[in-house]
Amino acid sequence: MNVEPANPGAVVGLLGGLSVTCDGARLAVPPGSRRLLAYLALHPADVDRRAAAGILWPAVGEGRAAGNLRSALWRLQRGSCPLVDAEPTALRLAPDVRVDLRRVEQWAHRVLTGEPEPADLTVDPAPIAELELLPGWYDDWVLAVRSRLQLRLLHALEALSRLLRDAGRPDAAVEAMHVAVRAEPLRESGQRALIEAHQAAGDPVAARRQYDAFRSILRREIGVEPSAELTAVVTARG
């Protein structure tokens, strides 16, 4: 999936690392402003200036944190591409600035609600599973969103597999779930979706092989058996 819009304008990239492009040209983000820009990109609504300063610079006093915020904001605003709207008490990204994360979230929403656009069913699942939000960042406000995004994308790949089966494309459904299972092999819902995709493709042997492999992983890693519901899916169809 190409997560950057094709039309011109400013785009803040969060997936795979922080980046900014303006009319297709890559811009350098001042080191002291990177965390502020990322924080605003993760919060589409207005952000309280005092709260943001405390979150972004928690190890210093309130006055120093506010000064750091003003400095980071000044560096962002002096560039050739306006990125931030600032008010006395609130901050937000400029209205024409887009964020790559939003396109992925919109794709996931359409797939999860069963209302995909035709192009949504043709995406390559491998890049979806490999998307990582701000790798190498370990702030609490990043970790929370990263964890939620990873879980949502796994849900979306499972939903994509079901939609592909319903569309008469079981082989594509198998491919989507292989990608999801490689990303999270202990997730039973993903294993079930892969097994059902194999069955829909008319390959009960592959379905049974996948079940046996999952059973071995569970026994080895956490000492449990697959659920009775998953076992029934396999045994019912032989």
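The preceding data block contains the structure.
I will try to describe carefully the structure that is included in this document.

Calculation rules
- Residues numbered from 1 in each chain as written.
- Predicted model: local features only at pLDDT ≥ 70, side-chain atom pairs only at ≥ 80, totals over all residues.
- Heavy atoms only, no water.
- Core = buried A, V, L, I, M, F, W, Y, C linked by side-chain atoms within 4.5 Å.
- Buried < 20%, exposed > 50% of the residue type's maximum accessible area, 1.4 Å probe, protein only.
- Helix = DSSP H or I, 4+ residues; strand = E, 2+ residues; numbered from the N terminus.
- Lys, Arg positive; Asp, Glu negative; His and termini not counted.
- Salt bridge = Lys/Arg side-chain N within 4 Å of Asp/Glu carboxyl O.
- Contact = heavy atoms within 4.5 Å.
- Pairing = 2+ DSSP bridges.

As for the nonpolar core
Core analysis: the largest hydrophobic core is formed by 67 residues, its most contacted members being L14 and W107. No other element matches helix α6 (residues 140–166), which puts 12 residues into this core. Among the nonpolar cores identified, the runner-up in size contains 8 residues, and I195, Y211, L230 and V233 belong to it.

Topic: the environment of L112
One can find L112 in helix α4 (residues 100–112). Owing to a relative accessible area of 33%, L112 belongs among the partly exposed residues under this scheme. Distance from L112 to R152, taken between C-alpha atoms, is 9.0 Å for residues 40 residues apart in sequence.

Remarks on the side chain of R49
By the element assignment, R49 lies in helix α2 (residues 49–56). Of the side chains bearing the opposite charge, D48 lies closest to the buried R49, which forms no salt bridge; the N-O distance is 8.3 Å. With residues up to four places along the chain from it excluded, the contact list for R49 reads L69, R70, L73, A86, E87, P88, T89, A90 and L91.

Notes on the sheet that holds strand β7 (residues 98–99)
Ordered in space as β3-β2-β1-β7, the 4 strands form an open sheet in which the pairing is mixed. Two strands lie at the open edges of the sheet, namely β3 (25–27) and β7, each paired on one side alone. Where strand β1 (residues 10–13) and strand β2 (residues 19–22) come together, 4 bridges link them in antiparallel fashion. Counterpart to V12 in the pairing with β2 is V20.

Some remarks on the pairing of strand β6 (residues 90–93)
Both faces of β6 are covered, namely the face carrying A90 and R92 and the face carrying L91 and L93. With 2 bridges connecting them, strand β4 (residues 47–48) and β6 associate as antiparallel partners. Within β6, the residue paired with D48 across the bridge is A90. The antiparallel pairing of strand β5 (residues 84–86) with β6 creates a hairpin that spans 3 residues between the two strands.

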